[in-house]
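Now for the letters of each chain:
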Amino acid sequence: MDVNDNKKTLLRMLPGVDNILEHSKTEPFFENIPKSVLVRSIRNIVDDLRNAILDGRQNITENDLTEKNLIVSKILKKVIGLAESIMSPNLMHTINATGVVVHTNLGRSLLSTDAVENLLLISGRYSNLEFDLSAGKRGIRYSCVEDILCELSGAESAMVVNNNAGAVLLCLETIARGKKVVVSRGELVEIGGSFRIPDVMAKSGCILKEVGTTNRTRLKDYENAIENDTGLLLKVHTSNYSIVGFTASVSLKEMVELGTKYHIPVMEDLGSGTFIDFSKYGMSKEPTVQESVASGADVVTFSGDKLLGGPQAGIIVGKKDILDKIKQNPLTRALRIDKLTLAALESTMRLYRDPDKALEKIPTLRMLTVPISQIEEKARQLGMILEDIGNLNLCVKIIDRSSKAGGGALPLLDIPTKCAGVKVKGMSVNSIERYMRVNRPPVIGRIEEDMFIMDLRTVQDDELQMIGEAFNNMLKRA
Ligand SMILES: *Cc1c(COP(=O)(O)O)cnc(C)c1O
């Protein structure tokens, strides 16, 4: 029989979709699978087999197919696997063993229990989102967080939009559309690829006026740049990079004095805003929101989910007259924040009334300030869990490394930490990394010095056992 005849025979023997669908009725797994998913899964698997036969890719022989029942049960097994993966959510719990606390790719900040509980309550109920209960009429969406934001920051007025990129866009558009905005060349930063100060400036309809040089900008540079059509002096936190060495920059306070002299508003984009002075905890100094407000800036913007440790949001605080204009800008509607975010944000902000409580209850802050002895204890526990698997090929070491704050905050700061470094005899470190990444839940670590390294700073207590199971399963298959 020539090759083509053989293929034709095999194709003829391949069970049809309807046939497999009929057989699937005997399989309890499919009871809770919607018909559309079942049919799609069967079709995919049968198509794959057909293509494999046509390309002569797989070792499919007539023998495989003559045993009709055998092939059907084989196909059903594959269909279950596919249907299972179609049915499970794409967005899933992932274990962060990178040691980067505010990891943008892994969802930035974890919410505090308070915020999660409030989120749960508000999301399943009606709320007074835009209803003023005392006046009995329509209210304002972000009013539930305005008072706490003013209380914490010392600002006259506050509002919140979808994220900080949106906050910057909205402020620029409101304050200085069609006018020049003066920024230091050292602050024309790009954050996470898609947010570049010059591009946001262009989108907001403002004209960028660069001053100074990359490493040195002086007050005189700002003053010389001021013209009749200058609408704003802007300071941008350089977030994810640092200029070191022969440098000079102008403080926000000096910029405010200059702005006052020429009647030009001053704005600061803090990026990762914080209410906590990290220098009190042995870390480098990040400007706080309160300090920026006290310096007299007209508007200050920052993220909700970076060092603040809340949900994704862009917070705007500042002088009432400018905030009133911002609130009336039609763009606010396009950038508006939803009730789930508001519920989580309000709870998070309320924790800041007691900074010690905030440090203990907000996971981002807790992970940044946890004593290294506690991280070491976790590393030891993980080591024990892994040793209990009892596989002699597995070798675990506790090693010293450093963690990063992430989220464009404290870029130069290396926070001493403890990691578990794993090797498996007879298995490449790349396969370990890959296996951990496709595990459910995925475990994201890194490869260094031919070891798979997990930084325990960002691993939650209840995730130690899950990592243990992942290794157990991996070793069973290896
Ligand atoms: C992160 C950052 C932004 C963008 O904030 P998102 O909340 O991610 O939109 C803007 N400016 C600076 C300086 C930042 O660090």
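In what follows, the structure referred to is the one given above.
Residues numbered from 1 in each chain as written. Predicted model: local features only at pLDDT ≥ 70, side-chain atom pairs only at ≥ 80, totals over all residues. Heavy atoms only, no water.

Draft legend 1. Quick peek at the site of the ligand. Taken together, 13 residues form the shell around the ligand, and within it Ala 165, Ser 239, Asp 269, Ser 303 and Lys 306 come nearest. The contact in question runs from an oxygen atom of the ligand to an N or O atom on the side chain of Ser 239, over 2.5 Å. Here a nitrogen atom of the ligand and a side-chain polar atom of Asp 269 are 2.6 Å apart. Protein contact buries 94% of the 380 Å² of open area that the ligand shows by itself. (Near = heavy atom within 4 Å. Polar contact = N/O pair within 3.5 Å; in protein donor to acceptor, adjacent residues only side chain to side chain. Areas by Shrake-Rupley, 256 points an atom, 1.4 Å probe, with all protein chains shown as cover.)

Draft legend 2. A look at the side chain of Lys 418. Mapping Lys 418 onto the fold places it in strand 15 (residues 415-424). Here Lys 418 falls in the buried class, since its relative accessible area comes to 14%. Polar contacts involving the side chain of Lys 418 include one to the side chain of Asp 400, which spans 2.5 Å. Contact partners of Lys 418, with chain neighbours within four places excluded, come to Ile 372, Ile 375, Glu 376, Ala 379, Ile 398, Ile 399, Asp 400, Met 454, Asp 455 and Leu 456. (Helix = DSSP H or I, 4+ residues; strand = E, 2+ residues; numbered from the N terminus. Buried < 20%, exposed > 50% of the residue type's maximum accessible area, 1.4 Å probe, protein only. Contact = heavy atoms within 4.5 Å.)

Draft legend 3. Expanded view of the sheet that holds strand 17 (residues 446-448). Taken in spatial order, the five strands make up an open sheet running 2-14-15-18-17, and their pairing is mixed. Whereas interior strands pair on both sides, the edge strands pair on one side only; in this sheet they are strand 2 (100-102) and strand 17. Strand-to-strand twist across the sheet, computed as the mean angle between neighbouring axes with direction ignored, equals 40°. (Pairing = 2+ DSSP bridges. Axes fitted to C-alpha atoms, helices over the stretch in contact; angles between N-to-C directions.)

Draft legend 4. Summary view of the sheet that holds strand 13 (residues 314-318). Read from one edge of the open sheet, seven strands run 5-13-12-11-10-6-9, paired in mixed fashion. The sheet is open, and its two edges are formed by strand 5 (157-161) and strand 9 (207-211), each paired on a single side. Along the sheet, successive strands turn relative to each other by an average axial angle of 25°, direction set aside. Across four bridges, strand 10 (residues 230-236) lies against strand 11 (residues 266-271) in parallel orientation. Pairing of Leu 234 across the sheet is with Met 267, part of strand 11. Of the strands in this sheet, strand 5 and strand 13 touch helix 7 (residues 143-153), which is tilted by about 120° from strand 5. Contacting strand 5, strand 12 (299-303) and strand 13, helix 13 (residues 320-328) crosses the sheet at an angle of about 30° to strand 5.

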